[in-house]
Amino acid sequence: MDYFLIPLCIFSILYVLFHIFKFTKQRLKSNQNCYMLAYQCYRATEDRRLDAKVCASIALRNKNLGIEEYKFLVQNMINSGVGEQTYAPRNVINGDENCPKLSDSISELEEIFFGTLDQIFFKSGISPQQIDILVVNVSMFVTLPSLTSRIINHYRMRSDIKSFNLSGMGCSGSIISINLVQQLFKIHENSIAVVVSTEAFGSNWYGGKEKSMMLSNCLFRLGGVAMIFTNNPDLKNQAILKLNHLVRADLGSNQDIYECAMQIDDSLGYRGMRLNRNLTKSAAKTLTSNLQIMVPKILPWKELIRYVVVSVRKKGGINLKTGVEHFCIHPGGKAVIDGVGKSLGLNEYDLEPARMALYRFGNISSASPWYALSYMEAKKRLKKGDRILMISFGAGFQCQSCLWEVMKNLGGANIWKDCIDNFPPKNLSSAFMEKLGWLLDENVDYPKEVEHVRRRIAESVGASYPMLS
């Protein structure tokens, strides 16, 4: 009898230990999940719209520009993919771009912070006092007290909140911030985190004449995003997205790549962001480095084996659509979108959200991917179980990617609600070409003196002609 009892007891003990181990593993894994409960992009008021008239007025105020610089600006605005419905900070609209005040920058950021945070607290039903982790990302503006402290003070958040203020991350900042939250969730169970990501453009508008630094004025626009996350399994049913994978690649050890996007002072002492000729190639290299890690995580083995076979035969590429339904590409510029689309074998349907976000809102720096995501949501593309590959680039030079799983059908009202039916437009013709294309036409005869050109630019867009001292 004892001969049979001993193995039975051992088996019973092992059985119990196995289930304890299995339960513990599942519990640990559940606490390491990262669920998004809500997000909200910022949309400025219409008095800050940056149409061709306002753009020309800002350029005409710059006493450093000559005819060649005006041609450069017009050419890049035509090619940028940015439309006339984007927004700029108030101090730029009001003509104070060369002498920004600290109060202007703080006011610009707080309007974005509180406008988006109020919305995500309302959408999620989470109160500010429930927040355990707060991450704020603004690359080119630092103040005392910190931006996180301003949010904590405004909402009277708890004294034990864990707050982090990130800077210098560039357009990758929002995904880097989410990565920080993801890592914190591994050691803080049942937590709720908020991420706010934007940029202070009002204090960083470039007033010089270096062409590589003038590009930022053509692309970057006002905006921002706030997001709320949790690893609490009890809140899983409220989630709209689940983070399945996140991969970061930083090739800053390569000097050429490191210098392709850098904040510097020009020869006249004007500070701005220099974007050099290596930017597109640098983006391609960092994207390749990133996807070498991400792709095996998200594609089925069948596709990976097929890719190995066709690679040997040099008769095809990888098909990302075997593991991804939607592509949320960083709307950094037309060249960036085109380059990523070509590299990944995407079609115009896949690239439409990025193109439309760029056209309607411009490059919003780190918040840009979320404007593309909100376009997908407004178009009711996102269904439960769908997977979204989000890709962003940032100075350093970096590429971040993450794979989101849609937790429920999405299609709520957002920043696109009053205009989504007009997108995509039949054509993305540029108002800058229509009104200022004459400046680039060698067959158009006009006086080549800078003052005559300035006057004609003002007349072409209906702007007042500023008298420069």
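Remember, it's a predicted structure, so these values are computed and weren't measured experimentally.

Asker: Can you walk me through the overall build of the protein chain in this structure?
Answerer: A count of helical and extended segments in the protein chain gives 16 helices and 11 strands. Here the C-alpha radius of gyration of the protein chain, 25 Å, is about what a compact globule of 469 residues would show, namely 23 Å. Taking all 469 residues of the protein chain together, 52% fall into the buried category. Residue pairs at least 24 apart in sequence account for 79% of intrachain contacts in the protein chain once pairs closer than 6 positions are excluded. For the protein chain, the exposed surface amounts to about 22100 Å²; the carbon and sulfur share of it is 54%. In the protein chain, which carries 55 positive and 43 negative side-chain charges, the distance between the mean positions of the two groups comes to 7 Å.

Asker: In this structure, what is going on with a nonpolar patch on the surface? I would like to understand it.
Answerer: Side chains of W301, I305 and V309 sit close together on the surface and give an oily, nonpolar patch of about 360 Å² of accessible area. Mapping I305 onto the fold places it in helix α11 (residues 301-313). Residue classification places I305 among the exposed residues on the basis of a relative accessible area of 52%.

Asker: Got a minute to help me understand helix α14 (residues 368-378) in this structure?
Answerer: Side chains three or four residues apart in an α-helix point the same way, a direct result of the helix having 3.6 residues per turn. The buried fraction of α14 is high, at 11 of 11 residues. A positive phi of about 55° marks K380, the residue just after α14.

Asker: How do you make sense of the packing of helix α12 (residues 334-344) against helix α13 (residues 348-361) when you look at a structure like this?
Answerer: Working note: a packed helix pair is described by the angle between its axes plus the distance between those axes. Close contact between α12 and α13 brings their axes to 10 Å; oriented N to C, the two are set at 175°. Between α12 and α13, the crossing angle belongs to the class labelled roughly antiparallel. Counted together, K334, I337, D338 and G341 of α12 and L351, A354, R355 and L358 of α13 form the full contact between these two elements. Looking at the contact of α12 with α13 residue by residue, the classes come out as four nonpolar, one polar and three charged.

Asker: How do you make sense of helix α7 (residues 173-185) when you look at a structure like this?
Answerer: Here α7 contains 13 residues, and its C-alpha end-to-end distance of 18 Å stays within 8% of the 18 Å for a straight helix at 1.5 Å per residue. Counting buried positions along α7 yields 11 of 13 residues, so the element is predominantly enclosed. Taken residue by residue, α7 has G173, S174, I175, I176, S177, I178, N179, V181, Q182, L184 and F185 as its buried positions.

Asker: Any chance you could explain unusual backbone geometry here in plain terms?
Answerer: Of all residues except glycine, most have a negative phi; of all peptide bonds, most are trans. With omega at -10°, the peptide bond leading from L144 into P145 counts as cis. Tracing the backbone through its elements, the reader meets P145 in the loop between β2 (133-138) and α6 (147-155). A cis amide bond links F423 with the next residue in sequence, P424, at an omega value of -5°. Its location among the elements puts P424 in the loop between β11 (398-406) and α15 (431-436). One non-glycine residue, S365, lies in positive phi territory at about 60°. Among the secondary structure elements, S365 is positioned in the loop between α13 and α14.

Asker: What am I meant to see in the packing of aromatic side chains here?
Answerer: Counted according to the given criterion, the structure contains 12 aromatic pairs. Pairing F121 with Y155 gives two aromatic rings, centres 5.3 Å apart and planes at 80°, and the pair type is edge-to-face. Taken together, the residues span a long stretch of sequence, with F121 in helix α5 (residues 102-124) and Y155 in helix α6 at a distance of 34 residues. In this structure, F121 and Y155 share a single accessibility class: buried. Taking the centre distance of 5.8 Å and the plane angle of 70° together, the rings of W370 and W404 count as edge-to-face. Linking W370 in helix α14 with W404 in strand β11, this pair joins segments that are 34 residues apart in sequence.

Here is what the cut-offs are and how they apply
Residues numbered from 1 in each chain as written. Predicted model: local features only at pLDDT ≥ 70, side-chain atom pairs only at ≥ 80, totals over all residues. Heavy atoms only, no water. Helix = DSSP H or I, 4+ residues; strand = E, 2+ residues; numbered from the N terminus. Rg over C-alpha atoms; globule rule 2.2 N^0.38 Å. Buried < 20%, exposed > 50% of the residue type's maximum accessible area, 1.4 Å probe, protein only. Contact = heavy atoms within 4.5 Å. Areas by Shrake-Rupley, 256 points an atom, 1.4 Å probe, with all protein chains shown as cover. Lys, Arg positive; Asp, Glu negative; His and termini not counted. Charge placed at Lys NZ, Arg CZ, Asp CG, Glu CD. Patch = residues over 30% accessible without salt bridge, like charges linked within 9 Å, V, L, I, M, F, W, Y side chains within 5 Å. Salt bridge = Lys/Arg side-chain N within 4 Å of Asp/Glu carboxyl O. Axes fitted to C-alpha atoms, helices over the stretch in contact; angles between N-to-C directions. Parallel < 35°, antiparallel > 145°, perpendicular 65-115°, else oblique. Nonpolar A, V, L, I, M, F, W, Y, C, P; charged D, E, K, R; others polar. Expected span 1.5 Å × (residues − 1). Phe/Tyr/Trp six-rings, centres within 6.5 Å; stacked < 30°, edge-to-face > 60°.

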